[in-house]
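What follows is each chain in one-letter form.
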Amino acid sequence: MIRYARRADHPAIAELNTAAFGQADEAALVARLRADGDVLFELVSETDGQVDGHILFSRLWADRNEMFAALAPMAVRPDRQRGGLGSALVRAGLDSAREFGAHGVLVLGHPAYYPRFGFAAATAAKVASPYSGSPAFMALALEDGAFDEPLHVAYPEAFSAGAS
């Protein structure tokens, strides 16, 4: 079951991100994004009452009057990885991003994973951000033409604040 995260899920989400990434940096990022009020939405997957997947989308500040979102982080409990749960979270997250009115989504992620959802580095080519130029920096347009014109985006401060 995939649903919106609740405050009661926060400890399980922190534990999940730490286990999935083998370090606490992503859990700290999630906590900073929440504390700063920069979370657009979070989804969790739940099996038998246990949170086993998490995805977070934050709002990006763009130089146009359109909303864009950043996907980060996305985590699946290690013993549930490679079973389709991450893909289900990404798809549900992209559907929710559309519902929230995002014109496009940016991700700094694995170049072999995110293209299956339509993300491409070429789509992000006209986007100016701290991550521009990396093959891991990819974009997905949720609205036609979202990335056709040059775009400058600012990420929430939590992305550059470093681990707590």
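In the block above lies the structure referred to throughout.
What counts, and where the lines are drawn
Residues numbered from 1 in each chain as written. Predicted model: local features only at pLDDT ≥ 70, side-chain atom pairs only at ≥ 80, totals over all residues. Heavy atoms only, no water. Patch = residues over 30% accessible without salt bridge, like charges linked within 9 Å, V, L, I, M, F, W, Y side chains within 5 Å. Areas by Shrake-Rupley, 256 points an atom, 1.4 Å probe, with all protein chains shown as cover. Salt bridge = Lys/Arg side-chain N within 4 Å of Asp/Glu carboxyl O. Lys, Arg positive; Asp, Glu negative; His and termini not counted. Charge placed at Lys NZ, Arg CZ, Asp CG, Glu CD. Helix = DSSP H or I, 4+ residues; strand = E, 2+ residues; numbered from the N terminus. Buried < 20%, exposed > 50% of the residue type's maximum accessible area, 1.4 Å probe, protein only. Expected span 1.5 Å × (residues − 1). Axes fitted to C-alpha atoms, helices over the stretch in contact; angles between N-to-C directions. Contact = heavy atoms within 4.5 Å. Nonpolar A, V, L, I, M, F, W, Y, C, P; charged D, E, K, R; others polar. Arc of directions from axis to C-beta. Polar contact = N/O pair within 3.5 Å; in protein donor to acceptor, adjacent residues only side chain to side chain. Pairing = 2+ DSSP bridges. Right-handed = clockwise from strand over helix to strand, strands pointing away.

**Section: a negative patch on the surface**
Move 1: On the surface, Glu143, Asp144, Asp148 and Glu149 cluster together to form a negatively charged patch.
Move 2: Counting through the fold element by element, aspartate 148 comes out in the loop between strand 7 (137–141) and strand 8 (151–154).
Move 3: Since its relative accessible area comes to 49%, aspartate 148 is described here as partly exposed.

**Examining helix 3 (residues 85–99)**
Move 1: When the terminal C-alpha atoms of helix 3 are compared, their 21 Å separation across 15 residues agrees well with the 21 Å that a helix rising 1.5 Å per residue should span.
Move 2: Residues of helix 3 that are buried include every one of Leu85, Gly86, Ser87, Leu89, Val90, Gly93, Leu94, Ser96 and Ala97, and no others.
Move 3: Downstream of helix 3 by one or two residues, glycine 101 has phi in the positive range, about 95 degrees.

**Let's talk about the packing of helix 1 (residues 10–21) against helix 2 (residues 25–35)**
Move 1: Relative orientation of the contacting elements helix 1 and helix 2 amounts to 145 degrees, with a least axis distance of 7 Å. Counting all contacts with helix 1, which are made through His10, Ile13, Ala14, Asn17, Thr18 and Phe21, the residues of helix 2 involved are Glu26, Ala27, Val30 and Arg34.
Move 2: Class assignment of the residues belonging to the contact of helix 1 with helix 2 gives a composition of five nonpolar, three polar and two charged.

**Topic: helix 1**
Move 1: Taking 1.5 Å of rise per residue, 12 residues should cover 16 Å, and helix 1 covers 16 Å from first to last C-alpha, within 8% of that figure.
Move 2: Here helix 1 has its buried residues at Ile13, Leu16 and Asn17. The buried residues of helix 1 all sit within an arc of 95 degrees when viewed along its axis, so they share a single face. Opposite the buried face of helix 1, at more than 90 degrees from it, the exposed residues are Pro11 and Glu15.
Move 3: Here the buried face of helix 1 lies against helix 2, strand 2 (39–47), strand 3 (50–62) and strand 4 (68–76).
Move 4: Just past helix 1, the residue glycine 22 takes up positive phi, approximately 70 degrees.

**Some remarks on the side chain of arginine 32**
Move 1: Residue position: arginine 32 is located in helix 2.
Move 2: Despite being buried, arginine 32 has no salt bridge partner; aspartate 36 is the closest side chain of opposite charge, sitting 6.3 Å away.
Move 3: A polar contact of 3.0 Å, which involves the side chain of arginine 32, links it to the backbone oxygen of alanine 158.

**Here we look at the pairing of strand 2**
Move 1: Within strand 2, seven of the nine residues are buried, which leaves the element mostly enclosed by the surrounding structure.
Move 2: Looking at chain direction, strand 1 (residues 2–4) and strand 2 are connected through three bridges and run antiparallel. Across the sheet, tyrosine 4 pairs through a bridge with leucine 43, a residue of strand 2.
Move 3: For strand 2 and strand 3, the ladder comprises eight bridges, and the chain directions are antiparallel.

**As for the side chain of aspartate 9**
Move 1: Within the secondary structure, aspartate 9 is located in the loop between strand 1 and helix 1.
Move 2: Judged by relative accessible area, aspartate 9 falls into the buried class, the value being 8%.
Move 3: Discounting residues that sit within four places of it in the chain, aspartate 9 has contacts with Arg3, Tyr4, Val44 and Val51.

**Examining the environment of alanine 97**
Move 1: Structurally, alanine 97 can be placed in helix 3.
Move 2: Separated by 88 residues in sequence, alanine 97 and aspartate 9 place their C-alpha atoms 20 Å apart.
Move 3: In contact with alanine 97, not counting residues within four places along its chain, are Phe41, Ala102, Val105 and Leu142.

**Brief notes about the pairing of strand 5 (residues 104–108)**
Move 1: Burial analysis of strand 5 places four of its five residues in the buried class, the great majority of the element.
Move 2: Judged from the four bridges that link them, strand 4 and strand 5 form a sheet pairing that is parallel. Note on strand 5: the bridge partner recorded for alanine 69 is valine 105.
Move 3: As for the winding sense of the linkage, the β-α-β connection from strand 4 through helix 3 to strand 5 is right-handed.
Move 4: Here strand 5 pairs with strand 7 via five bridges, running antiparallel. Looking at the pairing, leucine 108 lines up with phenylalanine 137 of strand 7.

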